[in-house]
Amino acid sequence: MSTVLSKPATAPKPGGRRRLSLAEWMLVLAAGLALFSVVRLITGANGISSVGQVSTALHLAVPIGLAGLGGLWAERAGVINIGLEGMMILGTWFGAYAGVQWGPWTGVIFGILGGALGGLIHAIATVGFGVNHIVSGVAINVLAVGVTRYLASFTFAEMEGGTVKQSPPIEAIERITVPGFSDAMQTLNQKHWFFVSDLAGFAGGLTTNLSLLTVVALLLVPGSWWVLWRTSFGLRLRSCGENPIAAESLGVNVYRYKYLAVVISGGFAGLGGVFLAEVASNIYQEGQTGGRGYIGLAAMIFGNWMPGGMALGAGLFGYADSLNLRGGGQNVHALLLLLAILLVLACAWEIYRKKYLTGLAAGATALGLFGWYLAVDEVPSQFVSAAPYVATLLVLALSAQRLRMPKANGKPYRKGEGK
């Protein structure tokens, strides 16, 4: 008679880091926003916390976050999903085709199914046949480009307003604005007061001109956390990524949970692709994913394989990307000062922990950034365009020391191998 995992373990590991409470997280966020406000007042770059800037950042963060959420589901079950980019590409084509034919919400469903199909192929290759996870993911990325080009050649190319590289226009998904509250936040934001106006800018950006698909995407983050960390299904799935042999001994069908996780992962990535085709623009375009699947993986790693941290990472990358769209030379210049201050704080912390080499590196980098900030009045447009990718590298470099991925992530598994 086998014993089945039924509820999550709550006891912390001896010597493990204490997790911050909700109140402590709120204090950290408030301190960060206060620092943000100080930099805005010093530099006069009021655009860094405007309602429009935050709204654009959210708009750009959603597809990255959905890709990251897809990677999180797969890797929590022990399967590395480098193929997220290809699954997003499948989501853009399937979503756009169905959206043109039968409306945007049908397109959303088909986009999810298209991404899930890519996830199923990845699951069959890696879980079923034991193919190396990286090789399978790269193959899906390459195949997705060719398959969508082939499909577009006899679908969109034959439609009025479409070509082999883009679809005809797709009907827009409804957008909402919180009446009264949004206008009040914009008014407060334009006062440029310390902290209050910055808080109003972020609150206004989250409640102004929101696509309904954005609302769905935002709800998927706490929903994923609840399923993975507060249900027996989630505990079994995560056990497959930590120790599949032990999970099998307790009656968990490891193959089933890995398949489900990777298919769900592909569905999330496909939804991110639909967002690009139907919300970020109203057409499918070849290459419109622009590497967001890979940035989604970086956001997931930054978030330490946790939904909340992943969402913060996606928001950071989305914000960096939004600077390029809103004439961000002056804004990026202001953020050089913010980054220099953060690195000074990191330097002090590392020295306090007696990690002198790391502290010295952080201090030297801070000095360089501060010198750059004083030497120029506006950052060149070339650096603004590269800001999202520079942010990706910096975040991964700074967060690498605190990461802990699932123990069996990427490792081959065969049923009965522990007997």
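Chemist: Looking at this structure, how should I read the layout of surface pockets?
Modeler: Over the atoms a probe the size of a water molecule is rolled, and this reveals where empty space is left. Within this model, the second largest pocket holds a volume of roughly 190 Å³. Forming the walls of the second largest pocket are 13 residues, and the residues nearest its centre are L90, G118, I121, I140 and L143. Listing elements by their share of the lining of the second largest pocket, those giving two or more residues are α3 (84-102), α4 (104-128) and α5 (133-153). When residues in the lining of the second largest pocket are grouped by element, the largest group, seven residues, is from α5.

Chemist: What am I meant to see in helix α15 (residues 356-375) here?
Modeler: Residues that lie three or four places apart on an α-helix share one face, since the helix turns once every 3.6 residues. Taking 1.5 Å per residue, 20 residues should reach 28 Å; α15 reaches 28 Å between its end C-alpha atoms and fits that length. If you check which residues of α15 are buried, you get G359, A362, A366, L369 and Y373. Each buried residue of α15 sits inside an arc of 95 degrees when the element is viewed along its axis, so together they form one side. Seen from the open side of α15, the exposed residues pointing more than 90 degrees away from its buried face are Y356, L357, L360, L367 and A375.

Chemist: Would you explain unusual backbone geometry in this entry?
Modeler: Excluding glycine, most residues fall at negative phi; most peptide bonds, likewise, are trans. The backbone phi angle of N304 is positive, close to 60 degrees, even though this residue is not glycine. Phi at K354 takes a positive value of approximately 65 degrees, unusual for a residue other than glycine. Mapped onto the secondary structure, K354 falls in the loop between α14 (329-352) and α15. Taking the relative accessible area as the measure of exposure, K354 reaches 63% and is therefore exposed.

Chemist: Would you mind going over the confidence of the model for the protein with me for this structure?
Modeler: A low pLDDT means the predicted coordinates there should not be read in detail. This prediction gives the protein a mean pLDDT of 87; 90% of its residues lie at or above 70. In this model, residues 6-16 is a region of pLDDT below 50 whose contacts with residues beyond four sequence positions or in other chains number eight contacts.

Thresholds applied
- Residues numbered from 1 in each chain as written.
- Predicted model: local features only at pLDDT ≥ 70, side-chain atom pairs only at ≥ 80, totals over all residues.
- Heavy atoms only, no water.
- 1 Å grid on protein atoms, 1.4 Å probe; cavity = no way out; pocket = protein on both sides within 12 Å on 5 of 7 lines; lining within 4 Å.
- Points joined across faces, edges and corners; volume = space filled by probe spheres on them.
- Helix = DSSP H or I, 4+ residues; strand = E, 2+ residues; numbered from the N terminus.
- Expected span 1.5 Å × (residues − 1).
- Buried < 20%, exposed > 50% of the residue type's maximum accessible area, 1.4 Å probe, protein only.
- Arc of directions from axis to C-beta.
- pLDDT = per-residue confidence, 0-100.
- Contact = heavy atoms within 4.5 Å.

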